Amino acid sequence: MYDLTNLITTIASSSATLAAIIGGFIASRLIALNAERAELTVRIHEIDEEMVFRKSEVAEARKELIEDDAVDFILYHIEELIDGKPIDVVYSAAERPGISKEELLPFWNRALELIPSLRELIRVTKIFEIPSGFAERLSDYEYEICKEAISVWESRSNRQATRFPYNIGMDLDRTLFRVSRDANYWHQKKKEDINVHMAHLEWLRLRKKQLEGRQEALRKPRGVVDGLIVFLVAVVVGIIIPLMNIPVVLEDYADMVVTKRLYIGLFSVVLIVVFSYFIGLARWKDVK
């Protein structure tokens, strides 16, 4: 009688140890992957929020710059505005305007709408001031334009009353661009803020692309699927099959040798698969 039960039990125990090693490795790997995936998702969401914030800051700064340039243009051409000239005529005659006609058009048209109402109010009140009820409906830039228009009307009225000749120099001095040190500093500071935000946006886009690439790589993590296959082989071949056949007691010597070699071969398969898996991980190189 040849009893192979102890041999098969030993093979099953050894296979179980290898399976436990593989299982522990895969479990720790999956836990780390899930934690990294969650961290990447949070980080990408934070980047999206920061990009939205910086885009809104850029849009607001550009809006303020356009409004400031529009007011400068209108104040410089306040005489043409009062005379009701269309933007096409005024813009084409301007020298190197700092704002496009498309950007200027809504501001010019809005200012043209205000002039008749303001002129009528001054005619009725006989006072060169913006009425309080009218001023409450004006935005900051509209109020500034109305003040300049009233100044021009008052100047014209004084010249007519005193019969002074039209003094071009006085009007040009009054309607020159607002080029004070504070205005220039504010304008330059806004442009610098836009450049800073745009630089951050470019960096955020690059960082988001990198994180999304990492996130995509984690969708099919290398070695995890192979590890699960190795774990399955170790359990089925090294544990389940041997345990299903115990006890094994044979009477014929030749049958004992064949059976013994069969189970040792099965255990060898488990060893080869496990070591091949780890060797494959050790030889892995980054793809460039």
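On a predicted model such as this, the values are computed, not experimentally measured, just so you know. (Residues numbered from 1 in each chain as written. Predicted model: local features only at pLDDT ≥ 70, side-chain atom pairs only at ≥ 80, totals over all residues. Heavy atoms only, no water.)

(A) Geometry of the overall build of the protein chain. Looking only at helices and strands, one finds ten helices and two strands in the protein chain. Its helices and strands in sequence order give the protein chain the pattern β-α-α-α-α-α-α-α-α-α-β-α, from N to C terminus. In the protein chain, 81% of the contacts between residues at least 6 apart in sequence involve partners at least 24 apart. For the protein chain, the computed accessible surface area is about 18700 Å², with 58% contributed by carbon and sulfur atoms. (Helix = DSSP H or I, 4+ residues; strand = E, 2+ residues; numbered from the N terminus. Contact = heavy atoms within 4.5 Å. Areas by Shrake-Rupley, 256 points an atom, 1.4 Å probe, with all protein chains shown as cover.)

(B) Region of interest: unusual backbone geometry. The residue after isoleucine 246, namely proline 247, is reached through a cis peptide bond having omega 0°. Inspection of the secondary structure assignment puts proline 247 in the loop between helix H9 (224-244) and strand S2 (249-250).

(C) Fine view of the pattern of salt bridges. With the rule as written, the count across this model stands at ten salt bridges. Taking the shortest distance from any N to any O, the salt bridge between lysine 190 and glutamate 64 comes out at 2.6 Å. Here lysine 190, found in helix H8 (residues 181-219), pairs with glutamate 64, found in helix H1 (residues 5-76); they are 126 residues apart in sequence, far enough to count as distant. A salt bridge links glutamate 142 to arginine 110; the nearest nitrogen and oxygen atoms lie 2.7 Å apart. Placement of glutamate 142 in helix H6 (residues 140-162) and of arginine 110 in helix H4 (residues 101-125) is noted, with a sequence separation of 32 residues between them. The partly exposed category is assigned to arginine 110, whose relative accessible area is 28%. (Salt bridge = Lys/Arg side-chain N within 4 Å of Asp/Glu carboxyl O. Buried < 20%, exposed > 50% of the residue type's maximum accessible area, 1.4 Å probe, protein only.)

(D) How the structure looks around helix H10 (residues 253-282). An ideal rise of 1.5 Å per residue puts 44 Å on 30 residues; H10 measures up with 43 Å between its terminal C-alpha atoms. Residues of H10 that are buried: Met256, Val257, Thr259, Tyr263, Leu266, Phe267, Val270, Val274 and Tyr277. Of the surrounding secondary structure, the elements contacted by the buried residues of H10 are strand S1 (2-3), H1, H9 and S2. Where H10 begins, the side chain of aspartate 252 points an oxygen toward the backbone nitrogen of alanine 254, at a separation of 3.0 Å. (Expected span 1.5 Å × (residues − 1). Polar contact = N/O pair within 3.5 Å; in protein donor to acceptor, adjacent residues only side chain to side chain.)

(E) Structural view of the nonpolar core. Ile74, Leu81, Leu104, Ile145 and Trp153 are the most contacted members of the largest nonpolar core, which totals 31 residues. For this core, the secondary structure elements donating two or more residues are H1, helix H2 (78-82), helix H3 (87-93), H4, helix H5 (132-135) and H6. Tallying contributions element by element places H4 first for this core, with eight residues. If we ignore the near neighbours within four places in the chain, the residues touching isoleucine 145 are Ile74, Leu75, Ile78, Leu81 and Ala111. Leu4, Ile8, Ile11 and Tyr277 belong to the second-largest nonpolar core, a separate cluster that totals 21 residues. (Core = buried A, V, L, I, M, F, W, Y, C linked by side-chain atoms within 4.5 Å.)

(F) Inspection of the confidence of the model for the protein chain at higher detail. Per-residue confidence for the protein chain gives a mean pLDDT of 82, with 88% of residues at or over 70. Ranking the elements of the protein chain by mean pLDDT puts helix H7 (residues 168-175) last with 40 and H1 first with 90. Low pLDDT, under 50, characterises residues 163-181; the stretch is placed with 29 contacts to residues that sit more than four places away or in other chains. (pLDDT = per-residue confidence, 0-100.)

(G) Seen up close, the packing of H1 against H10. Across the interface, H1 lies against H10 with an axial gap of 10 Å and an inter-helix angle of 15°. Considering their axes alone, H1 and H10 lie roughly parallel with respect to each other. Judged by the sense of rotation from one axis to the other, the crossing of H1 with H10 is left-handed. For the pair H1 and H10, contact is made by Leu7, Ile8, Ile11, Ser14, Ser15, Leu18, Ile21, Ile22, Phe25 and Ile26 and by Lys260, Tyr263, Ile264, Phe267, Val270, Leu271, Val274, Tyr277, Phe278 and Leu281, respectively. (Axes fitted to C-alpha atoms, helices over the stretch in contact; angles between N-to-C directions. Parallel < 35°, antiparallel > 145°, perpendicular 65-115°, else oblique. Left-handed = near helix turned anticlockwise from the far one by under 90°.)

(H) Layout of the packing of aromatic side chains. Counted under the stated rule, the structure contains six aromatic pairs. Ring plane angle 70° and centroid distance 5.2 Å describe the contact between phenylalanine 107 and tyrosine 141, whose orientation is recorded as edge-to-face. Here the residue phenylalanine 107 occupies a position in helix H4, and tyrosine 141 occupies one in helix H6, the gap between them amounting to 34 residues. Taken together, the ring pairs in this structure connect Phe25, Tyr277 and Phe278 into an aromatic cluster. (Phe/Tyr/Trp six-rings, centres within 6.5 Å; stacked < 30°, edge-to-face > 60°.)

(I) Spotlight on H9. With 21 residues, H9 should reach 30 Å at 1.5 Å per residue; the first-to-last C-alpha distance of 28 Å fits that figure. Of all bends in H9, the biggest is about 30°, found at valine 236. Inspection of H9 places Val224, Gly227, Val230, Ala234, Val237, Gly238, Ile239 and Pro242 among the buried residues, and these make up the whole buried set. In this structure, the buried side of H9 is in contact with H1 and H10. (Bend = angle between axes of the 7 residues up to and from the residue.)

(J) Seen up close, the environment of tyrosine 141. Residue classification places tyrosine 141 among the buried positions, given a relative accessible area of 12%. The spatial distance from the C-alpha of tyrosine 141 to the C-alpha of aspartate 72 is 9.8 Å, given a sequence separation of 69 residues. Beyond its immediate chain neighbours, meaning those up to four positions away, tyrosine 141 contacts Glu67, Val71, Phe107 and Arg110.

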